[in-house]
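# Reading the structure
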Amino acid sequence: VMDGISAIRTIRQSYDSAILPILVLSAVGDKKKLVEAFSTGANDYIPKPFHKSELLARIEVNLKVSALTQDLDRRNRHLVEEKKLARRIQEGILPIQPQLPSLETAALYRASDEIGGDYFDIWDKEKTVHIMIGDVSGHGTGSALLMAACKGILHTLGQSSDSPREIVEKANAMVFEMTGNSGMFSTLVY
């Protein structure tokens, strides 16, 4: 009861092109109709008369593209969930509300992406307040992992030493051993 363009429109209301590919089988004719078919949601076009082997090959290719697109979408959703989890973990590594007897403090951490390389720490040890703010180069998973390592290394070293210079020198050697020639680094104010 409807023409091909209307059929494509109706199908696309329920099914995305990644889930259900549409192949247009049509006599060579109006290029305007062909463009309209593609802009409405067709995935491929086969002119009439057609060869069965070409039709089957194009169906197979479109189904493979559909499967790969669905797999990519699934993987992207998984990565988004992983980044959300990494962000919650990363925020848990940082001090929420540092409590120091000698200072009133407040902290706010807001990464530019889901996860990032910024970090800070503050602690009081033997009447000395240690405050550090750092940033790992780059963005994403690598930066977030290195951020967690840097923050942990610096805090741990800070529990056994009062000398910022000694803490930073040891931390630098440890971080360099981890990163090697990767080009990643951390800047730090201590």
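Residues numbered from 1 in each chain as written. Predicted model: local features only at pLDDT ≥ 70, side-chain atom pairs only at ≥ 80, totals over all residues. Heavy atoms only, no water.

### Section: the confidence of the model for the chain
Overall, the predicted model of the chain reaches an average pLDDT of 87, with 98% of residues at or above 70. Mean pLDDT values for the elements of the chain range from 84 in strand β3 (residues 118-125) up to 93 in helix α1 (residues 4-14). (pLDDT = per-residue confidence, 0-100. Helix = DSSP H or I, 4+ residues; strand = E, 2+ residues; numbered from the N terminus.)

### Overview of the packing of aromatic side chains
Per the stated rule, a full pass over the model turns up one aromatic pair. Ring geometry for tryptophan 123 against tyrosine 190: centres 6.3 Å apart, planes inclined by 85°, an arrangement best described as edge-to-face. Here tyrosine 190 lies in the segment after β5 (186-189) and tryptophan 123 lies in strand β3, a separation of 67 residues in the sequence. Classification of tryptophan 123 as buried rests on a relative accessible area of 6%. (Phe/Tyr/Trp six-rings, centres within 6.5 Å; stacked < 30°, edge-to-face > 60°. Buried < 20%, exposed > 50% of the residue type's maximum accessible area, 1.4 Å probe, protein only.)

### A look at the sheet that holds strand β4 (residues 128-136)
A sheet is described by the order of its strands in space; here three strands give the open sequence β3-β4-β5, paired in antiparallel fashion. The sheet is open, and its two edges are formed by β3 and β5, each paired on a single side. The mean inter-strand angle of the sheet, taken between neighbouring strand axes irrespective of direction, is 20°. Bridge analysis of β3 against β4 gives eight bridges, and the strand direction is antiparallel. If you follow aspartate 124 over to β4, its bridge partner there is valine 129. (Pairing = 2+ DSSP bridges. Axes fitted to C-alpha atoms, helices over the stretch in contact; angles between N-to-C directions.)

### Some words on a nonpolar patch on the surface
Together, Ile11, Tyr15, Ile19 and Leu20 make up a nonpolar patch on the protein surface, roughly 340 Å² of accessible area in all. Within the secondary structure layout, tyrosine 15 lies in the loop between α1 and β1 (23-27). (Patch = residues over 30% accessible without salt bridge, like charges linked within 9 Å, V, L, I, M, F, W, Y side chains within 5 Å. Areas by Shrake-Rupley, 256 points an atom, 1.4 Å probe, with all protein chains shown as cover. Salt bridge = Lys/Arg side-chain N within 4 Å of Asp/Glu carboxyl O.)

### Quick look at the pairing of β3
Where burial is concerned, most of β3 is hidden: six out of the eight residues are buried. The turn linking β3 back onto β4 is made up of two residues, and glutamate 126 within it adopts a positive phi angle of 50°.

### Details of helix α5 (residues 164-179)
The terminal C-alpha atoms of α5, which comprises 16 residues, lie 22 Å apart, in line with the 22 Å expected from a rise of 1.5 Å per residue. By the burial criterion, the buried members of α5 are Ile167, Ala171, Val175 and Thr179. Projected onto a plane normal to the axis of α5, the buried residues spread over an arc of 80° and lie on a single side. Looking at α5, the residues exposed on the side facing more than 90 degrees away from the buried face are Arg165, Asn172, Phe176 and Glu177. On its buried face, α5 is in contact with α4 (141-160). Directly beyond the C-terminal end of α5, a positive phi value near 55° is found at glycine 180. (Expected span 1.5 Å × (residues − 1). Arc of directions from axis to C-beta. Contact = heavy atoms within 4.5 Å.)

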